[in-house]
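Listed below are the residues making up each chain.
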Amino acid sequence: MEGLRLGAGDWFLDLFTGEAERLLEQGPWGRGGRVEELVEPYWWVPGLPEASVEPPTVAAVDGGGALVPLQGGGALYIARAYGYVEGGEPERVLELRYYPVRETVVLDALRSWLEHRAATRLVLRLPPGSVLLMDGSLWVTVTVSLSALARLARGAVQGPGGVYAGVLSAYTLAEVAQLAEAAGRRGVLVAYVSKDHGFRALKEKLLLDRVAGLEPRLGPLVEAALEWYPLPPRARIRLLESRGLLQGAALRLLDAALDPSYRDPSFIDEVAGQGQGYSWLLRLPPPQRVHRVLARLGARGLVEAAAERAEQLLPPGEREAHELRDQAGRVAAAVDQLPAPLLQYMRPAPGDPLLLVEHPGPVGGYHSPGRVLQEPRGSVLEALAAIVSGYAGPEYYNIPLIAAHLNATLSSRQLGNYLRLLESLAAARGVSLGLARRASMARRLARRRRRRL
């Protein structure tokens, strides 16, 4: 092996040069143009809304929790929510429950319910004109909760965890509707804010509308595809099959629209640039699968079917076995009254990552099909201005939300204190808890579920 040298040069450079020349001759650059050259950014507003002369009171809600396994199965669930108010008394909610399963989906459902309970309590005591910021996504929260309730109603749960998650999700839906109603009645603006997001809704709307404009024959197909989010599988396949009818710019735009890895943040960066600004509102419809379940059963039928299934699958002594039945009327009314998620993006500082902001729209609008673009006006701009006023860079994207997060997050030290206190109280009653000492901390709902929606 004398004289053998490794890594002395690149044996593939000549092959790469040949491939590069072929690609430049045959690639797509001259056959359709780049996406940013084919889409007008009329939907992007440069600059930021100005704050009012008298800044409003700003509040924020976030939640946290942990799952503590027990020896022999089951777990303790600790969930809490914290409502921060600038210069005011905070709102605190905590639940400690036992379930015979160890599933973070149950913990997430419990935490989401508590967050909205804390938010509703805040709205009932905040002065009119206040702004309440919720951490996370309105569309994801409602869609995940409805999906869990629908799985329970259809008997599609795989274990007890799915039953508990379905019941707790019903409570979340009731609180979401109550929060929207109370906020509208009291004149409090609510906005859901997330810095971790991966929607494709705006990109698909703008690109597919442009495709239909270039090729009118695809108009009905595009309209049907955009009735729901995400794109229904059958509509996506039909759009793929239509590629043979297209060429040039229309084909380039369709391919970009159907690329699942090309998400809204990248699209906005390339088309509108990375300056300060905010997008128009996009009313986001539900998934087609959720719509079909509700169209078949109705809100009352969905809740009653879920309650009946919970009674069948849970022991009679457990409160979840009858609670949903007792609350069926309230939950069904809430499902009918779920607000429309009005989605928009905002860049508070040049070059910083985009924030996703969702505003609760018309009552009952969640169920409306179609993605509708709306120019932002009035209270929407006031909410954006409040978010901007609390912005302190990508890490501290909103001071009130960060304050709520820090106070709601359950640290390992706090969890240890809780468990020692619980064991002391149990010992005084002659009860042995049998803690397994391995805890799972609550995760963000939007991040965990994003890939599935």
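About the cut-offs
Residues numbered from 1 in each chain as written. Predicted model: local features only at pLDDT ≥ 70, side-chain atom pairs only at ≥ 80, totals over all residues. Heavy atoms only, no water. Helix = DSSP H or I, 4+ residues; strand = E, 2+ residues; numbered from the N terminus. Rg over C-alpha atoms; globule rule 2.2 N^0.38 Å. Buried < 20%, exposed > 50% of the residue type's maximum accessible area, 1.4 Å probe, protein only. Areas by Shrake-Rupley, 256 points an atom, 1.4 Å probe, with all protein chains shown as cover. Salt bridge = Lys/Arg side-chain N within 4 Å of Asp/Glu carboxyl O. Axes fitted to C-alpha atoms, helices over the stretch in contact; angles between N-to-C directions. Parallel < 35°, antiparallel > 145°, perpendicular 65-115°, else oblique. Left-handed = near helix turned anticlockwise from the far one by under 90°. Pairing = 2+ DSSP bridges. Contact = heavy atoms within 4.5 Å. Phe/Tyr/Trp six-rings, centres within 6.5 Å; stacked < 30°, edge-to-face > 60°. Lys NZ or Arg CZ within 6 Å of the ring centre and 35° of its normal. Core = buried A, V, L, I, M, F, W, Y, C linked by side-chain atoms within 4.5 Å. pLDDT = per-residue confidence, 0-100. Polar contact = N/O pair within 3.5 Å; in protein donor to acceptor, adjacent residues only side chain to side chain.

*Asks:* Help me understand the overall build of the protein, please; the structure alone is not making it clear to me.
*Replies:* Within the protein, the regular secondary structure consists of 17 helices and 12 strands. Taken over C-alpha atoms, the radius of gyration comes to 25 Å for the protein, in line with the 22 Å a tight globule of 453 residues would show. C-alpha atoms of the protein, sized along the principal axes, occupy 80 × 75 × 50 Å. Burial analysis of the protein (453 residues in total) assigns 51% to the buried set. For the protein, the exposed surface amounts to about 21100 Å²; the carbon and sulfur share of it is 52%.

*Asks:* What's the story with the pattern of salt bridges in this structure? I'm lost.
*Replies:* A side chain with one charge can pair with a side chain of the opposite charge if their charged atoms come near. Evaluation of the coordinates by the stated rule reveals 23 salt bridges. For Arg-117, the salt bridge identified is with Glu-95, shortest N-O distance 3.0 Å. Placement of the pair is Arg-117 in helix 3 (residues 104-123) and Glu-95 in strand 4 (residues 91-99), with a sequence separation of 22 residues. Classification of Glu-95 by relative accessible area gives buried; the value is 15%. Residues participating in the shared-partner salt-bridge network are Glu-95, Arg-97, Arg-117, Arg-319 and Glu-320.

*Asks:* Would you explain the packing of helix 3 against helix 5 (residues 160-186) in this entry?
*Replies:* Two quantities define a packed helix pair, namely the angle between the helix axes and the distance between the axes. As a packed pair, helix 3 and helix 5 sit with axes 8 Å apart at the nearest point and diverge in direction by 20°. In terms of orientation, helix 3 lies roughly parallel with respect to helix 5. As helix 3 packs across helix 5, the resulting crossing turns out to be left-handed.

*Asks:* Teacher, can you tell me more about the pairing of strand 6 (residues 189-194) here?
*Replies:* Across a regular strand the side chains alternate sides, sitting on one face of the sheet and then on the other. Here strand 6 lies mainly inside the structure; six of its six residues are buried. Neither face of strand 6 is exposed, since Leu-189, Ala-191 and Val-193 on one face and Val-190, Tyr-192 and Ser-194 on the opposite face are all buried. Sheet analysis places strand 5 (residues 131-135) next to strand 6, joined by five bridges and oriented parallel. Its bridge partner lying in strand 6, Asp-135 is registered against Val-193. Direction of pairing for strand 6 relative to strand 10 (residues 355-360): antiparallel, over a ladder of three bridges. If you follow Val-193 over to strand 10, its bridge partner there is Val-357.

*Asks:* What should I look at first to understand the side chain of Glu-215 in this one?
*Replies:* Inspection of the secondary structure assignment puts Glu-215 in the loop between helix 6 (201-214) and helix 7 (219-225). Sequence-distant contacts of Glu-215, that is, excluding residues within four places in its chain, are made with Leu-245 and Leu-246.

*Asks:* For this particular structure, what's the right way to read the packing of aromatic side chains?
*Replies:* Two descriptors summarise a pair of aromatic rings, namely the distance from one centre to the other and the angle between the planes of the rings. The full count for this structure, using the stated rule, is 10 aromatic pairs. For the ring pair Tyr-77 and Tyr-99, a centre distance of 5.2 Å and an interplane angle of 70° mean the geometry is edge-to-face. Of this pair, Tyr-77 sits in strand 3 (residues 75-85) while Tyr-99 sits in strand 4, and the two are 22 residues apart along the sequence. Of the two residues, Tyr-77 and Tyr-99, both sit in the buried class. Note on Tyr-262 and Phe-267: the rings are 6.3 Å apart at their centroids and 75° apart in plane angle, and the pair reads as edge-to-face. As far as the burial class goes, Tyr-262 and Phe-267 line up, both buried. Counting every residue linked through ring pairs, the aromatic cluster contains Trp-43, Trp-44, Tyr-262 and Phe-267. In this arrangement the basic side chain of Arg-117 is found over the ring face of Trp-113, its NZ or CZ atom lying 4.8 Å from the centre.

*Asks:* When you look at the nonpolar core in this model, what are you seeing that I'm missing?
*Replies:* Taken as a class, soluble globular proteins show a tendency for nonpolar side chains to be buried jointly. The biggest cluster of nonpolar side chains holds 110 residues, and the ones touching the most others in it are Trp-43, Tyr-77, Leu-132, Leu-146, Phe-199, Phe-267 and Leu-324. With 13 residues, helix 5 is the single largest residue contributor to this core. In contact with Phe-267, other than residues within four places in its own chain, are Val-35, Val-39, Trp-43, Lys-203, Leu-206, Leu-207 and Tyr-262. One finds Leu-189, Tyr-391, Tyr-397 and Ala-404 within the second-largest nonpolar core, a separate group that totals 21 residues.

*Asks:* Explain the confidence of the model for the protein here, please?
*Replies:* In low-pLDDT segments, the atomic positions of the prediction should not be examined closely. Of the residues in the protein, 93% reach a pLDDT of 70 or more, and the chain-wide mean stands at 92. Low pLDDT, under 50, characterises residues 445-453; the predicted model gives this stretch 27 contacts beyond four residues in sequence or across chains.

*Asks:* Help me understand helix 15 (residues 399-408), please; the structure alone is not making it clear to me.
*Replies:* For an α-helix, 3.6 residues make a turn, and residues three or four places apart therefore share a direction. For helix 15, the full list of buried residues reads Pro-400, Leu-401, Ile-402, Ala-403, Ala-404 and Ala-408. Looking at the buried residues of helix 15, the elements they touch are strand 2 (58-69), strand 3, strand 5 and strand 6. At the N-terminal boundary of helix 15, the capping side chain belongs to Asn-398, with an oxygen 3.1 Å from the backbone nitrogen of Leu-401.

*Asks:* Where do I start with the packing of helix 4 (residues 138-154) against helix 5 in this structure?
*Replies:* Where helix 4 meets helix 5, the axes come as close as 8 Å, and the angle between the chain directions of the two elements is 135°. Regarding the angle of helix 4 to helix 5, the classification is oblique. Crossing handedness for the pair helix 4 and helix 5: left-handed. Counted together, Leu-138, Thr-141, Val-142, Ser-145, Leu-146, Ala-148, Leu-149 and Leu-152 of helix 4 and Val-163, Ala-165, Gly-166, Val-167, Ser-169, Ala-170, Thr-172, Leu-173 and Val-176 of helix 5 form the full contact between these two elements.

*Asks:* I keep staring at the pairing of strand 5 and nothing clicks. Help me out?
*Replies:* By the criterion of burial, strand 5 is predominantly enclosed, with five of the five residues buried. Neither face of strand 5 is open: one carries Val-131, Leu-133 and Asp-135, the other Leu-132 and Met-134, and all of them are buried. Pairing between strand 2 and strand 5: four bridges, direction parallel. What sits directly across from Ala-59, in strand 5, is Leu-132.

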